[in-house]
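# A closer look at the structure
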Amino acid sequence: MPATPAWPPQSAPRLFVETVLGAGVSVALDGNPAHYLVSVMRVKVGDTVLLFDGQSGEWAAIARDVRKRDILLECMAQTKPPESVPDFWLCAAPIKKGRIDLIAEKACELGVARLQPVLTRRAVVDKLNLERLHAHLVEAAEQCGRTALPVLSEMVKLDALLRDWPQGRHLFFADETGGTPIAHALREHSGPAAFLVGPEGGFDPQERESIRAHPAAVPVSLGPRILRAETAAIAATSVWMAMNGDWNSQ
Ligand code: SAM
């Protein structure tokens, strides 16, 4: 007897939408999302599309009406509950365009709850296109199966970040001049956390001093080599996720 095909199909396109999802909710799409579904993925009436809105989990929706430039979908059943996001923030200095995009993409895939850009003195970039970064977060979430997008915060200056630091959150400071080896530091400090990673030029001595003086700061070493900022951000996030995050759950 032929096996019953899996529903929803594993190959169904997956899309972030702004509409709050629920059983029976209609989702009308035009513009880029409709172009992606209709012209790129060739969705036809009756096909299944997976949708998520960042808060209601993931839903299988059926295409009810398909035109060249718009598409109407109807939410049928929840396929994933809202995800529980590990309490980890990545605080990263802005770096050159393609590289900060890479940080956003990987931060989302690795499971961060918040991406906090932090302006430091040696940053070679002092403006960020948050819309572009948001688009990278959305694309990464669509691809990796996340149902919640990381929060993308406005860029803040380092002194403001330190001044307004929330009580009870460890601030692991990736310090290329040395610190506690990362695995050791993470074993000793569980709970809500953030990693602070500098720009291409690193932190200046005064910045390093004020970070180290902060009561929440834990200076951490990522090994004997100087990593590029994006490598440091990805490596630190990965180690935290493996040791104190959700990489131990099935
Ligand atoms: N310009 C600096 C230098 O030559 O010493 C290097 C800065 S590094 C490219 C960018 C950021 O990555 C640093 O500010 C730090 O946050 C992090 N980083 C790189 N290598 C690291 C290491 N071995 N341990 C801890 N943090 C590191």
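Parameters at a glance
- Residues numbered from 1 in each chain as written.
- Predicted model: local features only at pLDDT ≥ 70, side-chain atom pairs only at ≥ 80, totals over all residues.
- Heavy atoms only, no water.
- Domains from an automatic or database assignment.
- Buried area = accessible area lost by both parts, 1.4 Å probe.
- Salt bridge = Lys/Arg side-chain N within 4 Å of Asp/Glu carboxyl O.
- Polar contact = N/O pair within 3.5 Å; in protein donor to acceptor, adjacent residues only side chain to side chain.
- Helix = DSSP H or I, 4+ residues; strand = E, 2+ residues; numbered from the N terminus.
- Nonpolar A, V, L, I, M, F, W, Y, C, P; charged D, E, K, R; others polar.
- Axes fitted to C-alpha atoms, helices over the stretch in contact; angles between N-to-C directions.
- Parallel < 35°, antiparallel > 145°, perpendicular 65-115°, else oblique.
- Contact = heavy atoms within 4.5 Å.
- Buried < 20%, exposed > 50% of the residue type's maximum accessible area, 1.4 Å probe, protein only.
- Pairing = 2+ DSSP bridges.
- Right-handed = clockwise from strand over helix to strand, strands pointing away.

What follows deals with the domain arrangement of the protein. Quoted interface sizes are often the accessible area lost when the parts come together. When its domains are assigned, the protein resolves into domain 1 (14-80) and domain 2 (88-243). Computed over C-alpha atoms, the centres of domain 1 and domain 2 are 33 Å apart. A combined buried area of about 690 Å² lies between domain 1 and domain 2, and 59% of that area is made up of carbon and sulfur atoms. Per-residue buried area on domain 1 facing domain 2 is highest for Arg-14, Phe-16 and Phe-52; these three make up 63% of the total on that side. For the pair domain 1 and domain 2, the number of links is zero salt bridges. The interface formed by domain 1 and domain 2 includes seven residue pairs in polar contact (both at pLDDT 80 or more). Tallying contributions element by element places strand S1 (residues 14-16) first for the side of domain 1 that touches domain 2, with three residues. In the side of domain 1 that touches domain 2, the residues fall into three nonpolar, three polar and three charged.

With that out of the way, let us pick up unusual backbone geometry. One non-glycine residue, Arg-42, lies in the positive phi region at around 55 degrees. In this fold, Arg-42 is placed in the loop between helix H1 (31-40) and strand S3 (48-52).

A few words on the packing of helix H2 (residues 97-110) against helix H7 (residues 229-244). Closest axis-to-axis distance for the H2/H7 pair is 9 Å, and the angle between their directions is 5 degrees. What the angle tells us is that H2 and H7 run roughly parallel. Of the residues in H7, those in contact with Arg-99, Leu-102, Ile-103, Lys-106 and Leu-110 of H2 are Ala-229, Glu-230, Ala-233, Ile-234, Thr-237, Ser-238 and Met-241. When grouped by side-chain class, the residues that make up the contact of H2 with H7 number seven nonpolar, two polar and three charged.

Summarising burial for strand S6 (residues 88-92): five of the five residues are buried, a large majority. Across five bridges, S6 lies against strand S12 (residues 193-197) in parallel orientation. From the neighbouring strand, Trp-89 faces S12, where its bridge partner is Ala-194. In this structure, S6 lies alongside strand S7 (residues 114-119), joined through four bridges in parallel fashion. Residue pairing in the sheet places Leu-90 in a bridge with Leu-115 of S7. Assessed by its sense of winding, the connection that carries the chain from S6 through H2 to S7 is right-handed.

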